[in-house]
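Secondary and tertiary structure notes
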Amino acid sequence: MFTTGDAEAWLPCPLTHGPNAYILRVEGESMMPEYHDGDLIFVDQRGAYDHGDDIIVRSPDGKATFKRLQKTNEGTYLLALNPSWPDRIIRIPEESQICGKVIFSGRQR
């Protein structure tokens, strides 16, 4: 359970979500043009993760990344949306954990 000191701010989510949903701020340009540096993404930990979902993955060393899930005949991997991004295709390291999928995004004004 989260408490007041666990977050920078408590923001309402405009969509129905599970009790462990959370918000992250996008850093970088790997998911442009759909997501921009500074955007807020609302992440829900409920449910299955399907091809095309934008997900948060934490590797065994504790690093997290935000990419689009791809499930193909060649395997399961992550995709950076920015066509100019080097190494757009990322293999998911063994022992990684999916920490939720994006259900809403927005930008503070």
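A short tour of the structure in this document, coming up. (Residues numbered from 1 in each chain as written. Predicted model: local features only at pLDDT ≥ 70, side-chain atom pairs only at ≥ 80, totals over all residues. Heavy atoms only, no water.)

**A few points about the environment of Asp 61**
We count it as follows: A run of DSSP states H or I qualifies as a helix once it reaches four residues; a run of E qualifies as a strand once it reaches two. Both are numbered from the N-terminal end. Nitrogen and oxygen atoms within 3.5 Å of one another constitute a polar contact, given that in protein one can donate a hydrogen and the other can accept it, and given that sequence-neighbouring residues count only through two side-chain atoms.
Tracing the sequence through the fold places Asp 61 in the loop between strand S3 (54-58) and strand S4 (64-72). The spatial distance from the C-alpha of Asp 61 to the C-alpha of Glu 95 is 9.6 Å, given a sequence separation of 34 residues. Side-chain polar atoms of Asp 61 contact the side chain of Ser 59, separated by 2.3 Å. Engagement of the side chain of Asp 61 in a polar contact is seen with the backbone nitrogen of Lys 63, the distance being 3.2 Å.

**Points about the pairing of S3**
Regular strands place side chains that alternate from one sheet face to the opposite one. Put simply, the rule reads: To sort residues, take the accessible area from a 1.4 Å probe on protein chains only and compare it with the maximum for the residue type: under 20% means buried, over 50% means exposed, and anything in between is partly exposed. Strands qualify as paired when DSSP identifies two bridges or more between them.
Among the 5 residues of S3, 4 are classified as buried, and the element is accordingly described as predominantly covered. With 5 bridges joining them, S3 and S4 adopt antiparallel strand pairing. What sits directly across from Asp 54, in S4, is Arg 68. With antiparallel pairing between neighbouring strands as the criterion, S3 and S4 make up a hairpin whose turn holds 5 residues, including Gly 62 at a positive phi of roughly 90°. Here S3 pairs with strand S7 (residues 97-106) via 4 bridges, running antiparallel. Within S7, the residue paired with Val 57 across the bridge is Ile 98.

**As for the packing of aromatic side chains**
We count it as follows: Stacked, tilted and edge-to-face are the three classes applied to pairs of Phe, Tyr and Trp rings, where Trp contributes its six-membered ring and a pair requires centres within 6.5 Å; stacked means planes under 30 degrees apart, edge-to-face means over 60, and tilted covers the rest.
Tallied over the full model, the rule gives 2 aromatic pairs. Ring geometry for Phe 42 and Phe 104: centres 5.4 Å apart, planes at 75°, overall edge-to-face. Residue Phe 42 is found in strand S2 (residues 40-44), and its partner Phe 104 is found in strand S7; the two are separated by 62 residues along the sequence. When its relative accessible area of 8% is taken as the criterion, Phe 42 is described as buried. Judged by its relative accessible area of 31%, Phe 104 is partly exposed.

**Comments concerning the pattern of salt bridges**
What counts is decided by this rule: When a carboxyl oxygen of Asp or Glu is within 4 Å of a side-chain nitrogen of Lys or Arg, the pair counts as a salt bridge.
All chains considered together, the criterion is met by 5 salt bridges. Asp 44 is the salt-bridge partner of Arg 46, the closest N and O atoms lying 3.1 Å from each other. The buried category is assigned to Asp 44, whose relative accessible area is 5%. Residue Arg 68 pairs with Asp 54 through a salt bridge whose shortest N-O separation is 2.6 Å. Here Asp 54 lies in strand S3 and Arg 68 lies in strand S4, a separation of 14 residues in the sequence. We classify Arg 68 as buried; its relative accessible area is 18%. Salt bridges sharing partners connect three or more residues here, namely Glu 34, Asp 54 and Arg 68.

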